[in-house]
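Descriptive structure summary
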Amino acid sequence: MIITKTDPLSCERVVNAVLQKNIVIIPTDTVYGFSGIVPAAENAIRAIKGRDEHKPFIQLIAEPSDIYQYTDVKIPLALFELWPGAVTIIVPVHGTPGSEVTVGFRCPGDQWLRTVIRRCGMPLYSTSVNRSGFPLLSDISAMEAEFGKEVELIVDGGDCILADALPSTIVSVSSAGECTVIRQGSVTVPAGITAGSR
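Reference entry: report on the structure contained in this document. (Residues numbered from 1 in each chain as written. Predicted model: local features only at pLDDT ≥ 70, side-chain atom pairs only at ≥ 80, totals over all residues. Heavy atoms only, no water.)

For the rest of this paragraph, the subject is the pairing of strand 8 (residues 153-156). Pairing geometry for strand 1 (residues 2-4) and strand 8, over three bridges, is parallel. Within strand 8, the residue paired with Ile2 across the bridge is Ile154. The pairing of strand 2 (residues 24-27) with strand 8 spans two bridges and is classified as parallel. Across the sheet, Ile25 pairs through a bridge with Ile154, a residue of strand 8. (Pairing = 2+ DSSP bridges. Helix = DSSP H or I, 4+ residues; strand = E, 2+ residues; numbered from the N terminus.)

In structure tokens form, the structure reads like this:
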């Protein structure tokens, strides 16, 4: 089913769908993404994409400060100030003593999407709309033809996403606060950033 982002009930319908552990396709501030509730939707999204089980998905959060619910790592201020926006920050997460497990978080720059996340009360997975190894899809009719039977909703964002839109920039922050750009996307990260105050 396709609905428009401008529909007054679009936010409510997406929230209801993901809280019922369904997968949706929604516009973000970068590209269209498969989304679902963390952690319940992980296996279903992997099955749709055909993605390797060891390759993690980005988790979207509603507010920049929400990242500190999951990590003790201090995010460099120059990096933290790029949120909300198209930057994914990979950090070690709580509860992984002895073997560091990392998760990529993003606080998107789209208010509608942050409202959806906030109403869900937990992060949402986000990963590009495509089969693993194939090009990203940005055309709604192509998404419906390919994935319409595998997702609960497709939200048409209208002109909010361009066909040549770039994904988020991905930056890894170590437990010592050292930053490494993993993928250059639509946002340029300041050079020479180091650990700083929250």
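Turning our attention to unusual backbone geometry. Excluding glycine, most residues fall at negative phi; most peptide bonds, likewise, are trans. Going from Val38 to Pro39, the amide bond is cis rather than trans, its omega being 0 degrees. Residue position: Pro39 is located in the loop between strand 3 (32-37) and helix 2 (42-49). Residue Pro84 follows Trp83 across a cis peptide bond; omega there is -10 degrees. Tracing the backbone shows Pro84 in the loop between helix 3 (77-80) and strand 5 (87-92).

To continue, consider the environment of Arg51. Secondary-structure assignment places Arg51 in the loop between helix 2 and strand 4 (58-60). Given the relative accessible area of 18%, Arg51 is considered buried. Here the alpha-carbon distance between Arg51 and Ile170, two residues 119 residues apart in the chain, equals 19 Å. In contact with Arg51, other than residues within four places in its own chain, are Arg46, Pro56, Phe57, Thr127 and Ser132. (Buried < 20%, exposed > 50% of the residue type's maximum accessible area, 1.4 Å probe, protein only. Contact = heavy atoms within 4.5 Å.)

Let us now look at the environment of Val155. When you line up the elements, Val155 lands in strand 8. Note on Val155: relative accessible area 0%, which makes it buried. When the C-alpha positions of Val155 and Ala176 are compared, they lie 40 Å apart, and in sequence the two are 21 residues distant. If we skip the residues at most four places from it in the chain, Val155 touches Ile3, Thr4, Lys5, Val14, Ile25, Ile26, Pro27, Tyr32, Trp112 and Ile140.

For the coordinates displayed, the defined rule picks out six salt bridges. Across the pair Lys5 and Asp110 runs a salt bridge, and its minimum N-O distance is 2.6 Å. Of this pair, Lys5 sits in the loop between strand 1 and helix 1 (10-19) while Asp110 sits in the loop between strand 6 (102-106) and helix 4 (111-120), placing them 105 residues apart in sequence. On the basis of relative accessible area, Lys5 is assigned to the buried category, the value being 17%. Note on Asp110: relative accessible area 15%, which makes it buried. The salt bridge involving Arg106 is made with Asp29; its shortest N-O contact spans 2.5 Å. Placement of the pair is Arg106 in strand 6 and Asp29 in the loop between strand 2 and strand 3, with a sequence separation of 77 residues. When its relative accessible area of 28% is taken as the criterion, Asp29 is described as partly exposed. (Salt bridge = Lys/Arg side-chain N within 4 Å of Asp/Glu carboxyl O.)

A separate point is the packing of helix 1 against helix 4. Where helix 1 contacts helix 4, the two axes come as close as 9 Å, and the packing angle between them is 45 degrees. As the angle between them shows, helix 1 and helix 4 are arranged oblique. For the pair helix 1 and helix 4, the crossing hand works out as right-handed. From helix 1, Ser10, Cys11, Glu12, Val14, Val15, Val18 and Leu19 reach across to helix 4, where they touch Trp112, Thr115, Val116, Arg119 and Cys120. Each residue belonging to the contact of helix 1 with helix 4 can be placed in one class, and the counts come to eight nonpolar, two polar and two charged. (Axes fitted to C-alpha atoms, helices over the stretch in contact; angles between N-to-C directions. Parallel < 35°, antiparallel > 145°, perpendicular 65-115°, else oblique. Left-handed = near helix turned anticlockwise from the far one by under 90°. Nonpolar A, V, L, I, M, F, W, Y, C, P; charged D, E, K, R; others polar.)

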